[in-house]
Amino acid sequence: MRFRDRSIASKLTRIVAGTTAMAILLAMLIFSAASIFKVYGDAQDKFLTLTRLVSQSSQGVVAFRDRQSAENILGALQAEPQVKRARLLEPGGLVLAEYAAPGAARADERLIAWLLPTQLQFGEAVKLGDDTIGQLELEVDITATWHQFGVGLLVVTVIAAAAAAVATLLGLRLKQHITAPLAELARAAGDVIRRRRYDVRVGKSGHDEVGALVDEFNRMLGEIQAREEALRQHQDNLEHEVEARTVELRLAKENAEAANMAKSRFLATMSHEIRTPMNGILGMTELLLASPLSAEQHHRAQAALQSGETLLAILNDLLDFSKIEAGRMALESIALCPARLVEEVVEMLTPVAAAKGLALHKDISPSVPAAMLGDPVRLRQVVNNLLGNALKFTPAGRVVIALNGRPVLGTDRMLLELEVSDTGIGIDPAAQATLFDAFSQADGSTTRRFGGTGLGLAIVRQLVELMGGQIRVDSTPGKGSRFSVTLPARIAGVDELVDSRPNVSRGPGPDAAADVDGSVMARAQGHRLLLVEDNPINQALALAQLDGLGFEIELANNGAEALAACERADFELILMDCQMPVMDGFEASRRILAARNGRKAIPIVAMTANAMPGDRERCLEAGMVDFLAKPYRLSALLAIVARWVDLPGAAIGEAVPGPAPAADLPAPALPAILELAVLDALAAGHSSGTDLLRKLAELFRGEGRKQLDSLHQAWRSGDRVTATRAAHTLKSSSAALGALRLSELCRQIEHALRADATDAIDARIDDASRAFAAALAAMDEALAGKEHRDD
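Residues numbered from 1 in each chain as written. Predicted model: local features only at pLDDT ≥ 70, side-chain atom pairs only at ≥ 80, totals over all residues. Heavy atoms only, no water.

**Description of the pairing of strand S14 (residues 573-576)**
Residue alternation in S14 divides its side chains into two sets, Leu573 and Leu575 and Ile574 and Met576, and both sets are buried. One ladder, built from four bridges, connects strand S12 (residues 528-532) with S14; its direction is parallel. Residue pairing for S14: Leu531 is matched across the bridge by Leu575. Of the strand pairs in this sheet, S14 and strand S15 (residues 604-608) are connected by three bridges, and their pairing is parallel. Bridging from a neighbouring strand, Met576 pairs with Ala606 of S15. (Buried < 20%, exposed > 50% of the residue type's maximum accessible area, 1.4 Å probe, protein only. Helix = DSSP H or I, 4+ residues; strand = E, 2+ residues; numbered from the N terminus. Pairing = 2+ DSSP bridges.)

This is the structure we're talking about:
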């Protein structure tokens, strides 16, 4: 049996006996070693002294060569039985006299001689004055001394063993004071377990740790006994309590159902009551916009229309949810074209995707039937909600909608499969369980960040289930989400198709972007801003936007110029590009803030085409207070300025920067060569209109070619730093003018250079050159068309 498995008594016995034995053994070893060295040293000292005395006594007999007297002197050594042999030698080595002790060695003496040093030899010169006249040699056997030492050691050992035995016996008797209470505890615990006796108590014999353990054990038994009694009493009344509780739960359930029905009826009624005047508000506002208005009046009416449409969308969600909850949602069954419906929704949301720098793709399988029976309004609502959600929660990358049809063999029925996937923020697995619940989003913070009522996915799920289908989600945080919808449907004839497009009220178009609140322009007068930007195209664009609002703008081409400008003047806001020659924006921000010397810090806002993960944090670490990703909308720029510049009465909403595609996402299909919506927005947002576009296009023609040449030459010469900067600059300026394909190619080149993945750089530079030429041609054609329409 192993030591750890033995009883405590057995362990204590072995511990006491073992430690006592080890202590005595160690003491005996130390004592024996010390005694041996002492006995041996004493013997040497004794016989060395004897040798010297005999040598001195032998001076006369050696000098006169008196052999008889010499033998008499040596014969006197027989009084010391341990001297075995002695010789007196003359100067020539001749033996003058010799003595040898009689007797032979016994067996025990031979054993001692084998274990210990027994033979000692001594030599001493016989001198007369300073002259040596002879030599005395003495051989000694100290076996008898070792014999006496052994007898003494044996006596000591016997005494030590007796002491060890006494100590062990005392330890074994004392162990009972420890093991006996523990054994009593074990016995009492066995009674409690086997007999369920909670009235058992254990007596204690002391106030040590074992006594404390006994007290706690008795207290535990007392609590268990009290709970056992309470449980017995509770069991006696359990049936009555269960019956009473059941009645309470039934009443609570009925009250909750009644309250839920009342809530549903209230939502349905109030949504209808509110929607009726909202339709009048929106209609009259549209009529007002169609009438002659000043710029300020038009701007305010347009803002009212946009706010009304937002409120109407929220009311529609509430109305749909209340209808479904109240069981009054009725679905139509008419012929519709699913492919055309999806294409129309994609076309409607394409400007939203372009504004965020996202790639929006559709993949419609040939297996999708030309017509099917269903509710086109509700199906469009499902598609629009899923696609809108994907765009809302995807800061960078792409969104793909796929449509597939699986006919059921031998019938006119089919399964319509709709899938919407994105590369957005993803959903935590713990939040997916409640994702389709009403008034919920992936977490509470997304409502604040992205807005919304939290009803969209709940309505989608309920609509899909009303159609007899299923919806599921597959998502990974940080990598994106995929929503899959499967709907059963019946195939219809093409001649049954009707136009399923809903009557959508007019939203804010380019004209709305052009109408800047005149009061904001008035409030901007006298406010000084510093624009730090090295790209001439971005310089012209930002200057046109800000100067048109009435701000006093000073331009710096790099961080060093910005630092010098801050030394000679004060600014209320600095708009800082990050990647510039001479001194980048990060270093410039640190130096500008450090040079304030206790004065109020100037807010610095990063304006950069880098919107990769970690870029915002790097800007904040450099001391910047906000972040605006390029390309940006005028509304986003206004919101940033209003946030950090004290404009009394300004009410500009939060900016939502449109970040660039993330570096770790799969490369989407290349976007369009030129996004005309970007040019329309630029022209509509400035009074100069087409003239501004023409100026920007000419700047882009010269600066873009310059950056392409710089990129090509730097790559050929191995200067990756310059090549990366050129790709970054061209990426930003091309995106600002809607040359999205060129911007995407430059982004890929920049990312490849930073990641040291340079296998296909030459091919990508060639593609960028072709995209640049195509973008210029498309710009010229678009500008020509605009000028023709203006004429």
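**Examining a nonpolar patch on the surface**
A contiguous nonpolar patch, built from Met22, Leu25 and Leu29 and spanning about 330 Å² of accessible area, is present on the exposed surface. For Met22, the location among the structural elements is in helix H1 (residues 8-57). (Patch = residues over 30% accessible without salt bridge, like charges linked within 9 Å, V, L, I, M, F, W, Y side chains within 5 Å. Areas by Shrake-Rupley, 256 points an atom, 1.4 Å probe, with all protein chains shown as cover. Salt bridge = Lys/Arg side-chain N within 4 Å of Asp/Glu carboxyl O.)

**Section: the sheet that holds strand S2 (residues 95-100)**
Ordered by their spatial adjacency, four strands build an open sheet running S2-S1-S4-S3, and the pairing between neighbours is antiparallel. Two strands close off the open sheet at either side, each with one partner strand: S2 and strand S3 (119-128). Each neighbouring strand pair of the sheet contributes to a mean axis angle of 10°, computed without reference to strand direction. Across the face of the sheet, helix H3 (residues 67-75) comes into contact with strand S1 (83-89), S2 and strand S4 (131-141) while running at roughly 30° to S2. (Axes fitted to C-alpha atoms, helices over the stretch in contact; angles between N-to-C directions. Contact = heavy atoms within 4.5 Å.)

**Observations concerning the packing of helix H10 (residues 338-355) against helix H11 (residues 376-392)**
Their axes nearest at 10 Å, the elements H10 and H11 cross at an angle of 30°. When the axis of H10 is compared with that of H11, the two are roughly parallel. Taken as a pair, H10 and H11 cross one another with a handedness that is right-handed. Counting all contacts with H10, which are made through Leu341, Glu344, Val345, Val346, Met348, Leu349, Val352 and Ala353, the residues of H11 involved are Pro376, Leu379, Arg380, Val383, Asn384, Leu387, Gly388 and Leu391. Within the contact of H10 with H11, the residues separate by chemical class into twelve nonpolar, two polar and two charged. (Parallel < 35°, antiparallel > 145°, perpendicular 65-115°, else oblique. Left-handed = near helix turned anticlockwise from the far one by under 90°. Nonpolar A, V, L, I, M, F, W, Y, C, P; charged D, E, K, R; others polar.)

**Quick notes on the pattern of salt bridges**
Taken as a whole, this structure holds 23 salt bridges when the rule is applied. Between Lys46 and Glu80 there is a salt bridge; the shortest N-O distance is 3.5 Å. A residue pair is termed long-range when its members are at least 10 positions apart, and Lys46 in helix H1 and Glu80 in the loop between H3 and S1 qualify at 34 residues. For the salt bridge of Arg701 with Glu698, the shortest nitrogen-to-oxygen distance reads 3.9 Å. One end of the pair is Arg701 and the other is Glu698, both in helix H23 (residues 690-717) and three residues apart, which spans about a single turn. Given a relative accessible area of 29%, Arg701 falls into the partly exposed group. Judged by relative accessible area, Glu698 falls into the partly exposed class, the value being 42%. Salt bridges sharing common partners tie together Arg528, Glu552, Glu554 and Arg568.

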